[in-house]
Amino acid sequence: MIKEEKTIGKMSVDEVLKEFNSSVEGLSSEEAQVRLKEYGLNQLEEKKLNPVLNFLSYFWGPIPWMIEVAAVLSMILSHWIDFSIIVFLLAFNSLIGFFQEHQASNAIEALKKNLALKARVKRDGKWQEIEASNLVPGDVIKLILGDVIPADVKFINGDYISVDQSALTGESLPVDKKIGDVGYSGSTVKQGEMEAIVTATGSDTYFGKTAKLVAKTKVKSHFQQAVLRIGNFLIFTAIALVILLVGIEITRNASLGPLVEFALILTIASIPVAMPAVLSVTMALGALALSKMKAVVSKLESIEEMAGMDILCSDKTGTLTQNKLTLQAPIPFGDEEAQNVILFGALSSKQESQSAIDAAVINGLKDKSILSDFEKLKFIPFDPVSKRTEAVVRDKKTSKIFKVTMGAPQVIVGMCELSDEEKNKVDKKIEELASKGIRTLGVAKTDETGKWKFSGMLPLLDPPRSDSAQTIRQAKEHGIEVKMITGDNIAIAKEISAELGLGTNIYRASDIFKGEKNQEHFSKDAIQQVERAGGFAEVFPEHKYYIVKALQEGGHIVGMTGDGVNDAPALKAADTGIAVSGATDAARAAASLILTAPGLSVIINAIEEARKIFERMNSYVIYRIAMTLSIMLFVVASMITFGFYPLTAIALILLSLMDDIPIMTIAYDNTWLDPKPVRWQMGKVISVSTVLGILSLIESFGMLLITMKWIGLSLPMIETAMFLQLVAAGHLLLFVTRTKKHFWTRPGPASPLFWAIVGTQIVAVLFSGFGILMSEIPWYLIGIIWLYNGAWMLLNDFAKIFVYDFMDHKIAHNKHLHHGKKPMHYPINKLGHQREG
C-alpha cells in the first residue's frame, strides 16, 4: 500500500527506505519484477471506448428520436426527398457531436506524453537506464540537470537539487530540494544532482491524480440542456395537438386513411428537424471567426457557454504574469551605484547554469558586454546550506582580484561589518519587500583589505503581462468577475492581485475546503467564501477543480484559463476552459478554447463574438417555436372549426422546406452586442415565442376569414392563399425575432439572410401566382396578403417589445423582493440570485 505523499514528506529517509523495503543500493531485478506486477506500469490508465458504439450513442436521445421519427414517417409515406434531407441532418448533427467528444477525450493522452520516457535506476547494485514505465516504488533513481522526474520521489542522497514544478503546482519560482524533501512526477530539474527513492508511480502519483480528475470530469453544457428542453416542448405540443385533431375527426366519422396521412405530415412539419443543424452551423461559423482572432475552438458548445460566462478563474503564473523572473529596480546600500549592484550580482552568477535567477540578474545589466572586462578565476555555485554563490574575479583592466557573492540577504548581511542601525535598516527593507511577496537577493563585494562590503539588494518578481490589467478592466466592463488562482504564497498573490486591480481579498484554498467532506457538493459557507474571494493562493490541482465546481454549484457559468498540467482538471470541468498561448499539451486537450496569441486580450474578442453568436441562436429558437406553434395551432384549429384542411400535404412540406432553407443563413446575421453575460432564459424564450405564435395564429385566421367570407375563394385557392400567408408571415416574423429592439433599428439583417428570405419569397409568390404544385391565385390577392402581413409585422414587433419589457420588469421585481435593498449592479447567476463581492 503506497502511503499518501503528505505522510511520505513527514517521514525520515531511513523510515521511507524501511517502508518500501529498499536501501540506498536499490532493488534487485527480481524484486522489481514482483513489484511491477503488484503496482502496474508507471503510466496513466485510460479506459478505451469503442468508437463505433460511441458514435451510435449520438443517435440516442430526445432530439435524435424526434428526427428519427420524422425520417420513419417520411419513409412510410414514400416522401424520399424529405427522408434524404432528414437523414442527412441527423448524420450531420451526430458527426459534429462525435468529433467534439473525440477532441475532448484527448486530455489523458496529452497528460501521458508529459511523462519522462527514460530513467537512471540502481538495480542489482548497478546504475542502468530503463523505460520510465518500468519503475516501481522502492527503486532508487538518479536525477540530473534537465531531467523530467519520472515518478513521485523522496530525495535520499546528494547536496541539493533545484526543481521547476510550476506546471504542476503553479509556483512561479524553482524550488530547492535537499535530502528528505519530496519531488513530483512531471517536474523538471533545473540545477544540481541527487539520488531519490521512488514513492509512487502511475496514477498514484501527484501527476496521476490530476489525470484522474480530468478523466472523471463530465460536463453537460447549458446549450445541450437548452436544446433538450426546447425539443421536448415542441414535440410534446405537436403530439398533443395531433392526438386532439385525430380524436375530434374520428368522432366526426372522418376517413381514417387521409386523416392519419395528414396527421403524420403535420407532425413531420412541426418537428424542428433543422434546429440542431442550424445551431451547430451558427456555432461552427463563429468558431471560424474566432480562429481568425487567434482563438481555436475545440468544443463548439463552449461558444454558448462563453457568452454566459460571469466568472473567469485565471491561473496567475504564465497567464496573468509572464512566468519569467524579472529583476526589479536594485536597492543600493550606502554610496554604491545601482548598476554596480547588478554587475556584482551578475559576476556572482553563471550564465550557462539555466537558473532563472541568474538569467534575471544578468538580463538586468544595461550593457552585458561589460562582463567581458572581468575573468572568473573561481566559482562556487549556490547550495541550500550556505544559501549563496561566490566568485573570485579578476578585473582585466586593473588586474585587481576581488570576490563577489550573492544569496539570501540575511546571510550576506551577516558576512559584512554593519552597525546595528544599518542592519535594522536592511532587515526592515527585506521585511517590507517580503510582505509584498517580492523575493530579494543580497549582494556583496570584498574591498582592498579583503573584507566583505554590503553592496545592496536585488528584488526579483514574476511581473504581470503588459495587457493583463487592461484585459481585467475590459472583462469587468463585460460583466465578468476575474478571480486569480496561484500556487504561490499568499503575500505574492496579494501583491500581484492588487497590481492587477483585483483587490487583496485572497484566500488559501486549503482553508476553504479543509472541512468539506463531499468534494462534489459543497457547503453553502464554502460556496460563499469562493464567491467573495478575489483570488486563491497556495492552490493544488484538486483545489482548482473544487473552486470551479463550487462556483458552478453557486449558479455561475465559469471560465478557467491556464497553461500547465495542473490546470487540466479545472479546464475540463469549467464551462469554458481556456488554454493560453504556450500551454502544455495536457492543458490544450482539456480546454474548449485554445489561444494561439500571447496574453488574455483575445478572450475579450472571443466573448464578444460568443455573445453575438448566442443572440443569433436565441432569435432562431424564438422564431422556430413561434412558427411551429403558429402552424400547428392554425391547421388543427381550422380543421376543428371549419372541418377542412387549410393546407394541402404538399403545401405543408413546401412550407417546412422554405422555412428551413433560408434560416440556415441566420448564422451570418448581424446582431447587437449585449454588455452583460447572456444565457438561456427559457421562461423568457417560451413567453416571447408563445405570444408571437398566438398572434401569428390570429393573423393566419384573419387571412383565412378574408379569403373565405370577404373574397369568397374556392377551397383549392384558399389552400394556396394560406400557403403564401404562412411563408410570408414566417419570414417577416424572423425579422421581428432577430433583435430584442424594434426590427428597424441597427444593425440590420446581413446580406445572406436578407437575400435568402427575398429569394424564398419570390419562389413562394411564383408558385402561388402560376399555380405550381397548387392552384393559382390572382395577383391582386398576392398584393393584399403582403400588405396584410406588413401591418401585422408592426403589431408583432410592438408585442415583442412589450413582452420583453414585462419579463425584464418581473425578473427585476422578483430580485428586489428576494434581496431587499441590495445594490443591483452585481452579476446575476442562473438561479436569479445576486452575488456579492
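Higher on the page you've got the structure.
Residues numbered from 1 in each chain as written. Predicted model: local features only at pLDDT ≥ 70, side-chain atom pairs only at ≥ 80, totals over all residues. Heavy atoms only, no water.

### Observations concerning unusual backbone geometry
Logical step 1: Here the residue pair R746 and P747 is connected by a cis peptide bond, since its omega of 0 degrees sits within 30 degrees of zero.
Logical step 2: Mapped onto the fold, P747 is located in the loop between α29 (715-737) and α30 (751-770).
Logical step 3: Look at E538: it is not a glycine, yet its phi comes out positive at around 55 degrees.
Logical step 4: Here E538 shows up in the loop between β21 (535-537) and α23 (541-553).
Logical step 5: When its relative accessible area of 26% is taken as the criterion, E538 is described as partly exposed. (Helix = DSSP H or I, 4+ residues; strand = E, 2+ residues; numbered from the N terminus. Buried < 20%, exposed > 50% of the residue type's maximum accessible area, 1.4 Å probe, protein only.)

### Examining the packing of α29 against α30
Logical step 1: At a minimum axis separation of 10 Å, α29 and α30 run at an interaxial angle of 170 degrees. With respect to each other, α29 and α30 are oriented roughly antiparallel. Each of T720, F723, L724, V727, A728, H731, L734 and F735 in α29 lies in contact with α30, whose residues at this interface are L753, F754, I757, T760, Q761, A764, V765 and S768.
Logical step 2: Looking at the contact of α29 with α30 residue by residue, the class counts come to eleven nonpolar, five polar and no charged. (Axes fitted to C-alpha atoms, helices over the stretch in contact; angles between N-to-C directions. Parallel < 35°, antiparallel > 145°, perpendicular 65-115°, else oblique. Contact = heavy atoms within 4.5 Å. Nonpolar A, V, L, I, M, F, W, Y, C, P; charged D, E, K, R; others polar.)

### What about the sheet that holds strand β6 (residues 175-177)?
Logical step 1: In space, the three strands of this open sheet follow the order β6-β5-β8, with antiparallel pairing throughout. Across the chains shown, the open sheet's two edge strands, defined by having one partner strand only, are β6 and β8 (188-192). For this sheet the average axis-to-axis angle between neighbouring strands, irrespective of direction, equals 30 degrees.
Logical step 2: For strand β5 (residues 161-164) and β6, the ladder comprises three bridges, and the chain directions are antiparallel. By the bridge assignment, S162 is partnered in β6 with D176. (Pairing = 2+ DSSP bridges.)

### Notes on the packing of helix α28 (residues 682-710) against α29
Logical step 1: Two elements in contact, α28 and α29, have axes whose closest approach is 10 Å; the angle formed by their N-to-C orientations is 150 degrees. Between α28 and α29, the angle is such that the two are roughly antiparallel. Our pair here, α28 against α29, has a crossing hand that is right-handed. Here α28 contributes L692, S696, E699, S700, M703, L704, T707 and M708 to the contact with α29, which in turn contributes I718, A721, M722, Q725, L726, A729, L733 and T737.
Logical step 2: Among the residues making up the contact of α28 with α29, the classes are represented as ten nonpolar, five polar and one charged. (Left-handed = near helix turned anticlockwise from the far one by under 90°.)

### Structural notes on α28
Logical step 1: Across its 29 residues, α28 extends 40 Å between first and last C-alpha, which sits within 8% of the 42 Å expected from 1.5 Å per residue.
Logical step 2: With its phi angle positive at about 75 degrees, G712 sits one or two positions after the end of α28. (Expected span 1.5 Å × (residues − 1).)

### Considering the pattern of salt bridges
Logical step 1: Tallied over the entire structure, the rule returns 16 salt bridges.
Logical step 2: Note that E31 and R35 form a salt bridge whose closest N and O atoms lie 2.7 Å from each other. Of this pair, E31 and R35 both sit in helix α3 (residues 29-39), four residues apart, which is roughly one turn of that helix.
Logical step 3: Of the residues examined, E31 reaches a relative accessible area of 29% and is grouped as partly exposed. (Salt bridge = Lys/Arg side-chain N within 4 Å of Asp/Glu carboxyl O.)

### Thoughts on the sheet that holds strand β11 (residues 311-315)
Strand pairing within a sheet occurs via backbone hydrogen bonds; the two strands may be parallel or antiparallel.
Logical step 1: If you walk across this open sheet you meet the eight strands as β10-β24-β23-β22-β11-β19-β21-β20, and the pairing is mixed. Whereas interior strands pair on both sides, the edge strands pair on one side only; in this sheet they are β10 (295-297) and β20 (506-508). Direction aside, the axes of adjacent strands within the sheet are offset by 20 degrees on average.
Logical step 2: This element, helix α13 (residues 301-308), spans β10, β23 (576-579) and β24 (593-595) of the sheet and lies at about 100 degrees to β23.
Logical step 3: Packed onto the sheet, helix α20 (residues 490-499) meets β19 (481-485), β20 and β21 and runs at close to 160 degrees relative to β20.

### Notes on the environment of V685
Logical step 1: With respect to the helices and strands, V685 occurs in helix α28.
Logical step 2: Taking relative accessible area as the criterion, V685 reaches 3% and is therefore assigned buried.
Logical step 3: Spatially, the C-alpha atom of V685 lies 9.9 Å from that of A626, the residues being 59 residues apart in sequence.
Logical step 4: When residues no more than four places from it in sequence are discounted, the contact partners of V685 are N618, V621, I622, I625 and W680.

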